[in-house]
Amino acid sequence: MAIEYALHKPEPLPFMSCYICPVCGEPLEASATRKHYQCPNRHSFDLAREGYLNLLPVQHKHSSEPGDSKAMMQARRAFLEAGFYQPLARAVAAMVAAGQPERVLDLGCGEGYYSRFIEAHRPDVAVHGLDIAKTAVAMAARKQPGARFIVASSQRLPYADHYFDLLLRVFAPSNDEELKRVLKPDGLLLTVTPGPRHLWQLKEFIYSEVRAHAAAGELPPGFECLTTERLHYKITPDGEQRIALLQMTPFAWRAPAPVRQAIKDAPELEIEADFVLTLAKKTALA
Ligand SMILES: C[S@@+](CC[C@H](N)C(=O)[O-])C[C@H]1O[C@@H](n2cnc3c(N)ncnc32)[C@H](O)[C@@H]1O
Ligand SMILES: [Zn+2]
C-alpha cells in the first residue's frame with residue numbers, strides 16, 4: 001500500500017514502483033523527485049505535467065494517435081458527467097468495494113469516469129488506470145490526482161506480475177494472458193458488457209432491423225464467474241447528448257450526416273441503457 005501513494009505521500013527513497021519497463025521488462029524505479037522513471041538498462045520515462053506516465057513506446061504504437069480521439073473523449077466526458085451512466089458507476093463501485101481490494105486497475109479507463117467513482121466510494125483503494133489514448137489519460141489524470149494513470153496498451157501491461165487485486169474492464173479490450181499475469185492469485189475481474197437491449201432506440205435510427213446483443217461474452221480461460229448482475233433502465237438525453245452518446249458507440253461510423261441530424265432533432269426520446277456486470281475470480285490453476 002505504501003508504494004501506491006508514493007507520488008503523493010513521502011516515502012523512503014529510492015523505491016521500486018509497480019511498473020515494469022515497456023522496452024525490456026525490467027522493473028522501473030522512480031527518481032528522487034519522482035518525476036522520472038528508469039530501468040536498470042537506462043530506458044527512462046518522464047511524468048507528464050498532468051501526472052501520468054507514458055509507457056507506450058513508439059514501436060508498440062500502430063498509429064500516431066491510437067485509441068479514441070480528443071473529440072470522442074470530450075463528448076464522452078460531457079455525456080457521463082450529465083449522470084446518465086451514474087447507476088452503472090455506482091454498481092461498479094459497490095461491486096469493487098465488496099471485493100475489498102487494495103489495488104485496482106481500470107483497463108481502457110477512457111477519461112476516468114469509473115476510476116473517480118471507485119475512489120469516491122472507497123478512498124482507501126489504490127486506483128490505477130490505463131488507456132492507449134493519451135488525451136484520455138491526460139484528462140483522467142488531471143481530474144483525479146490521487147490515482148495513477150498511464151498510457152499503455154492492454155495487450156502489454158507494463159505492471160509487475162501479480163500486482164493487482166482487481167481488474168475492471170468497462171467496454172474495453174484486453175489480453176487474456178496479461179489479465180492473469182498482473183492479477184494476484186484469487187484476484188478479481190469485473191467486466192461490464194452491453195446487455196441485450198443496450199441503446200436499442202438509438203440503433204433503430206441506424207439499422208433497418210435491430211438485433212439484441214448476445215448475452216455477456218465468455219470469460220477468459222482461467223477465470224470462474226462469481227456473480228452476474230443486469231442493470232436495465234431508461235435515459236432521456238437531449239439532442240446534443242444523444243450525439244455524444246452515439247460518438248461513444250462502436251456503431252457511430254455507420255451513421256451518415258442525415259441520420260445524425262435525425263437523431264439530434266428527434267422529439268423527446270427514451271433510450272434503454274442495458275448493462276451486464278460480471279464478477280469473476282482467477283482460478284487456482286490459472
Ligand atoms: C468504449 S471506450 C470505454 C472507456 C471507458 N471504460 C468508459 O466506459 O468510459 C474503450 C476505451 O478503450 C481504449 N482502448 C482501445 N484499445 C486499447 C488498447 N489496446 N489498450 C488500452 N486501451 C485501449 C480506448 O481509447 C477507449 O478509451
Ligand atoms: Zn528497460
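(A) Focus on the overall build of the chain. Helix and strand counts for the chain stand at eight helices and 12 strands. For the chain, whose C-alpha radius of gyration is 19 Å, the value lies close to the compact-globule estimate of 19 Å for 286 residues. Expressed along its principal axes, the backbone C-alpha trace of the chain runs to roughly 60 × 40 × 30 Å. Out of the 286 residues belonging to the chain, those deemed buried represent 51%. Within the chain, residue pairs in contact and separated by at least 24 positions form 65% of the contacts whose partners lie at least 6 positions apart. Mean positive and mean negative side-chain charge positions of the chain (33 and 33 charges, respectively) differ by 3 Å.

(B) Representation of the domain arrangement of the chain within the structure. Here the chain is partitioned into domain 1 (1-47) and domain 2 (51-282). If you average the C-alpha positions of domain 1 and of domain 2, the two centres end up 27 Å apart. Carbon and sulfur atoms supply 58% of the area that domain 1 and domain 2 bury against each other, a total of about 1,800 Å² over both sides. On the surface where domain 1 and domain 2 come into contact, there are zero salt bridges. Where domain 1 touches domain 2, the interface holds three residue pairs in polar contact (both at pLDDT 80 or more). If one sorts the elements of the side of domain 1 that touches domain 2 by residue count, strand β1 (residues 16-20) sits on top with four residues.

(C) Representation of the pattern of salt bridges within the structure. Following the criterion strictly, the structure yields 14 salt bridges and no others. Across the salt bridge formed by R77 and E111, the nearest N and O atoms sit 2.5 Å from each other. You can see R77 sitting in helix α1 (residues 70-81) and its partner E111 sitting in the loop between β6 (103-107) and α3 (113-121), a full 34 residues away along the chain. The two residues R77 and E111 agree in class, both being buried. Taking the shortest distance from any N to any O, the salt bridge between K180 and E177 comes out at 3.5 Å. Residue K180 and its partner E177 are both found in helix α5 (residues 176-182); the two are separated by three residues, about one turn of the helix.

(D) The packing of aromatic side chains, seen in detail. A full pass over the atoms with the stated rule returns 12 aromatic pairs. Measuring from ring centre to ring centre gives 5.7 Å for Y19 and Y37, while their planes differ by 75°; the resulting arrangement is edge-to-face. Of this pair, Y19 sits in strand β1 while Y37 is found in strand β3 (residues 36-38), placing the two residues 18 residues apart along the sequence. Comparing Y19 with Y37 shows no difference in burial state: the two are buried. In this structure an aromatic cluster arises from ring pairing among F79, F84, Y85, F171, Y233 and F275. Between R103 and the ring centre of Y163, over which it is positioned, the NZ or CZ distance is 3.9 Å. A cation over an aromatic ring shows up here: R197 above the ring of W200, its NZ or CZ 4.1 Å from the ring centre.

Thresholds applied
Residues numbered from 1 in each chain as written. Chains lettered and ligands numbered in written order. Predicted model: local features only at pLDDT ≥ 70, side-chain atom pairs only at ≥ 80, totals over all residues. Heavy atoms only, no water. Helix = DSSP H or I, 4+ residues; strand = E, 2+ residues; numbered from the N terminus. Rg over C-alpha atoms; globule rule 2.2 N^0.38 Å. Buried < 20%, exposed > 50% of the residue type's maximum accessible area, 1.4 Å probe, protein only. Contact = heavy atoms within 4.5 Å. Lys, Arg positive; Asp, Glu negative; His and termini not counted. Charge placed at Lys NZ, Arg CZ, Asp CG, Glu CD. Domains from an automatic or database assignment. Buried area = accessible area lost by both parts, 1.4 Å probe. Salt bridge = Lys/Arg side-chain N within 4 Å of Asp/Glu carboxyl O. Polar contact = N/O pair within 3.5 Å; in protein donor to acceptor, adjacent residues only side chain to side chain. Phe/Tyr/Trp six-rings, centres within 6.5 Å; stacked < 30°, edge-to-face > 60°. Lys NZ or Arg CZ within 6 Å of the ring centre and 35° of its normal.

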